[in-house]
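Here is how the chains run, residue by residue.
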Amino acid sequence: MQCRRFTALVLPAVLLAGCLSLCSAQEPAPFAYMQLGAVPRRYSLIDQGRKPTVRSQGELGTCWAISACSAIESDLLPQKKQIFSPDHMSLRNGYETTQEDGGDYTMIMSYLAGWKGPVEEAEDPYGDGVSPEGLRAQVHVQEMQLLRGMSRQQIKKMILLYGAAQSSLCMDRSRTDLDAYGYYAKETAAYYDPFTEELNHDILVLGWDDTYPRENFRIRPARDGAWICQNTWGEDFGDDGIFYVSYEDKNLFRKGGIVYSGIEEASDTQRVCQQDSLGWLGRQGYERETCYFAGVFQAGRQESIRGIGFYTTGPGTACRIFLIPEYTSPEDLESVAPAQSEEIPAEKARLLAAGQIANAGFHTVRIPSEVNLRKGQTYAVAVEINTPGEGKPVAVEKAKDQFTQSVTTQGHQTYLSKDGSRWENTQEAYETNVCMKVYTDKQQFPWSE
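This section reports on the structure supplied with the text. (Residues numbered from 1 in each chain as written. Predicted model: local features only at pLDDT ≥ 70, side-chain atom pairs only at ≥ 80, totals over all residues. Heavy atoms only, no water.)

Some words on the overall build of the protein
Piece 1. Counting its secondary structure elements, the protein contains six helices and 23 strands.
Piece 2. Buried positions account for 59% of the 449 residues belonging to the protein.
Piece 3. Summarising the internal contacts of the protein: among those between residues at least 6 apart in sequence, 79% fall at separations of at least 24.
Piece 4. Surface exposure of the protein reaches about 17,700 Å², of which carbon and sulfur atoms provide 46%. (Helix = DSSP H or I, 4+ residues; strand = E, 2+ residues; numbered from the N terminus. Buried < 20%, exposed > 50% of the residue type's maximum accessible area, 1.4 Å probe, protein only. Contact = heavy atoms within 4.5 Å. Areas by Shrake-Rupley, 256 points an atom, 1.4 Å probe, with all protein chains shown as cover.)

So, the nonpolar core
Most often, soluble globular proteins keep nonpolar side chains buried together rather than apart.
Piece 1. Counting 76 residues, the largest nonpolar core has Trp227 and Tyr260 as its most contacted members.
Piece 2. Those residues in contact with tyrosine 260 that sit more than four places away from it in its chain are Ala68, Ala71, Ile72, Asp75, Ile108, Leu112, Val141, Glu143, Met144, Tyr162 and Gln166.
Piece 3. Counting residues in each nonpolar core, the second largest holds 28 residues, with Ile321, Leu323, Ile357 and Ile367 among its members. (Core = buried A, V, L, I, M, F, W, Y, C linked by side-chain atoms within 4.5 Å.)

A closer look at the pattern of salt bridges
Piece 1. Considering all chains together, one arrives at 24 salt bridges under this definition.
Piece 2. A salt bridge links arginine 42 to aspartate 47; its shortest N-O distance comes to 2.7 Å.
Piece 3. One salt-bridge network, held together by shared partners, links Arg42, Asp47 and Asp209. (Salt bridge = Lys/Arg side-chain N within 4 Å of Asp/Glu carboxyl O.)

As for the environment of aspartate 210
Piece 1. Tracing the backbone through its elements, the reader meets aspartate 210 in the loop between strand 7 (201-209) and strand 8 (226-230).
Piece 2. In this view, aspartate 210 contacts Pro40, Arg41, Lys156, Asp224, Gly225 and Tyr247; residues no more than four positions away in its chain are not counted.

What to know about the pairing of strand 10 (residues 257-265)
Piece 1. The pairing of strand 3 (residues 139-146) with strand 10 spans seven bridges and is antiparallel. Counterpart to valine 141 in the pairing with strand 10 is isoleucine 263.
Piece 2. Note: strand 4 (residues 165-169) against strand 10, three bridges, orientation antiparallel. The residue of strand 10 that forms the bridge with serine 167 is glycine 257. (Pairing = 2+ DSSP bridges.)

Brief notes about the pairing of strand 13 (residues 290-298)
Piece 1. Of all nine residues making up strand 13, eight are buried, and the element is well covered by its neighbours.
Piece 2. Bridge count for strand 13 against strand 18 (residues 378-386) is nine bridges, and the pairing is antiparallel. In the strand pairing of strand 18, threonine 290 is matched with asparagine 386.
Piece 3. As judged from the four bridges shared by strand 13 and strand 20 (residues 414-417), these two strands associate in the antiparallel manner. What sits directly across from alanine 294, in strand 20, is tyrosine 415.

Thoughts on the sheet that holds strand 22 (residues 433-434)
Piece 1. Within the open sheet, the three strands sit side by side as 12-19-22. Their pairing is antiparallel. One side of each edge strand has no neighbouring strand; the edge strands of this open sheet are strand 12 (282-284) and strand 22.
Piece 2. Alignment of strand 12 against strand 19 (residues 394-397), held across three bridges, turns out to be antiparallel. Bridging across to strand 19, glycine 282 finds its partner in valine 396.

In structure tokens:
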């Protein structure tokens, strides 16, 4: 059964592997990309005891959700074995879709970044068409990195660094079950499509083998080598769910993929404050690489800010994050511009962190110093970003199609600025919400509730 997909957000090329590098609040760090030595000719997460449970999507278009849940399961192995619910991801993500409609990475990222899940499979079993309300995420996924534009070697390094990669190819049962097609060799579980075609199926990539013989494919590629993959068609497919996709397949990784990093244990004392329940659905900016965006929040309890989450729309993004601890009006945001170089009153903008983010995707910037909030305190967080080659570098949420009509701007306050001095309210000017999360932890402070 192929996974049907609605139109996915077209994402920019990602050129280099790496993650956020934090520095002091005064000086941003130079670009620093993760470097690895020689990449082995063969590597498999299966050999590391990190093969997740093999599942079958049946007749539903849920390969994307199964692959995402399986990737996170693999990342936790072998230390911890958990099985997460693709039913919950596909039914409780906030989009107005069914399990027959398919999905994409924007849906996955918004579901995980908003801590809607993942939840245990036992709490929401697969395939019954029912997904209970009120289930809590078992882990928090704080970073999701996109692989678009990466070379084979760069993708291998990402798998070495972060674990299983999820990606798409062109594959359905007619291609693997009928002898009329030469794409799949059942006896060797080897798949190769030499044509550029529509992507319609998501799988998990668990490793690679540079020496995998080209003779194992029915349509013979020019060279040896294959990705070691896990499908969503149950244990009867391939070798206990595992099969091999030629390096020369024209579709796998053609539009990138995604890895899940920064996975943490969930806690009842943590919560997420957000303006964008459906995440990255569009972009805004001023046709320049540098842009400022901000969101206004109110503390519902005594808590500490632990991290700020936002999307980067391209590689090599430099960022600065500011806090306006006592927000009263949009004029308070004007203090962000001089906050970079001048001494200003403590109640105005405060530089929390600065650093570099190598890849497009969703990222959480840890706040190196404790930021305590009292119950009812209204505050704002502002971010300055510079994304090379991007004229609209800010990710925003908007109602753009029949699947996203639940998006609302009511009660939200987010802003956009060219220079950090003059700010536009995005709800009034554009009917959009800037994508931003504030992650907090409940604390007991000297003052009372």
